[in-house]
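If you want the building blocks of each chain, they are given just below.
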Amino acid sequence: IGVQIPKYKYKKDLYIANYVNEVLTEYKNAGSPMPPEIIIDSSVFKKLEQDGSSIQAAFQRPVPGISGARIFINSRFNFPDLLSRQEIAYKRAWHSSGHRFHIVRHEMGHFLHNNKIKNNLYADIKERRITKKHIEIIGRVSLYAKSSYLEFVAEVHAGLMDKKTYDSEIINLYIELGGILI
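All values reported here derive from a predicted model rather than from experimental measurement.

Student: What's the story with the overall build of the protein chain in this structure? I'm lost.
Tutor: Along the protein chain, the regular secondary structure elements total seven helices and four strands. Each helix and strand of the protein chain, placed in order from N terminus to C terminus, yields the pattern β-α-β-α-β-β-α-α-α-α-α. Expressed as a percentage of its 182 residues, the buried residues of the protein chain come to 47%. Here the protein chain displays about 9,700 Å² of accessible surface, and carbon together with sulfur accounts for 51% of that area.

Student: Any chance you could explain the pairing of strand β4 (residues 70-73) here in plain terms?
Tutor: Consecutive residues of a regular strand have side chains that alternate between opposite faces of the sheet. Alternating positions in β4 separate into two faces, Arg70 and Phe72 on one and Ile71 and Ile73 on the other, with burial throughout. As paired strands, strand β2 (residues 37-40) and β4 are joined by four bridges and run parallel to one another. Along β4, the bridge assignment pairs Ile39 with Phe72. Bridge count between strand β3 (residues 57-60) and β4: four bridges; the pairing is antiparallel. Looking across to β4, one finds that Ala58 is bridged to Phe72.

Student: Is there a simple way to explain the environment of Ile180 in this structure?
Tutor: The topology assignment puts Ile180 in the segment after α7 (168-176). Note: C-alpha distance between Ile180 and Val153 (27 residues apart in sequence) is 8.6 Å. Those residues within four positions of Ile180 in sequence are excluded, and the remaining contacts are Leu112, His113, Lys116, His157 and Tyr174.

Student: How should the packing of helix α5 (residues 132-139) against α7 be read in this particular structure?
Tutor: Two quantities define a packed helix pair, namely the angle between the helix axes and the distance between the axes. Axis separation between α5 and α7 bottoms out at 9 Å; the angle between their running directions is 115°. In this view, α5 runs roughly perpendicular relative to α7, as classed from their interaxial angle. Considering the relative orientation of α5 and α7, their crossing is left-handed. Across the interface between the two elements, His134, Ile137 and Ile138 of α5 pack against Glu169, Ile170 and Leu173 of α7. A class-by-class count of the residues in the contact of α5 with α7 yields four nonpolar, one polar and one charged.

Student: Mind showing me how you'd approach the nonpolar core here?
Tutor: Most often, soluble globular proteins keep nonpolar side chains buried together rather than apart. Counting residues in each nonpolar core, the largest one holds 44 residues, and the members touching the most others are Tyr19, Val20, Ile73 and Phe152. Where this core is concerned, the elements lending two or more residues are α1 (14-29), β2, β3, β4, α4 (102-127), α5, α6 (149-161) and α7. With eight residues, α4 is the largest single contributor of residues to this core. Once you skip the residues sitting within four places of it in the chain, Tyr19 turns out to touch Phe79, Leu82, Arg100, Phe101, His102, Ile103 and Val104.

Thresholds applied
- Residues numbered from 1 in each chain as written.
- Predicted model: local features only at pLDDT ≥ 70, side-chain atom pairs only at ≥ 80, totals over all residues.
- Heavy atoms only, no water.
- Helix = DSSP H or I, 4+ residues; strand = E, 2+ residues; numbered from the N terminus.
- Buried < 20%, exposed > 50% of the residue type's maximum accessible area, 1.4 Å probe, protein only.
- Areas by Shrake-Rupley, 256 points an atom, 1.4 Å probe, with all protein chains shown as cover.
- Pairing = 2+ DSSP bridges.
- Contact = heavy atoms within 4.5 Å.
- Axes fitted to C-alpha atoms, helices over the stretch in contact; angles between N-to-C directions.
- Parallel < 35°, antiparallel > 145°, perpendicular 65-115°, else oblique.
- Left-handed = near helix turned anticlockwise from the far one by under 90°.
- Nonpolar A, V, L, I, M, F, W, Y, C, P; charged D, E, K, R; others polar.
- Core = buried A, V, L, I, M, F, W, Y, C linked by side-chain atoms within 4.5 Å.

If you want it as structure tokens, here you go:
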């Protein structure tokens, strides 16, 4: 087909690999760039929390001379139960969508954002504190979006992929921060 497929590393969970492949097919069909590496493993998450089972996924920016951009998917997270958990997270306004692809779409939002604006500006946005002017706008997306401007961009991206529509204030801020419209 001529589309570069990311390198997958997964241990035992073919279910998660198939789930990730479904999501990436959606992006591939839209002509989106693909992350060079997707790693399905729990070891990186054990370093972030005691038992490593509650964080679902994470994006890592490219590290010059070491690695390209990577998306990590936690193999200890109960993905077969994902749909009901996503619906609950959405109903509680924690996430911007209740779609079962939300988690990978969110991480792809980080990847595409970083890919568009490059590491230095991405790092600058990561350090910015959300202004009082923006907190109300961002809060209309999700509670998690209020964590940082980067999470706002990733949450709007995931919502847009779920065909959600947002008002002009949200879209304008999303574009101002470098969000991708697919």
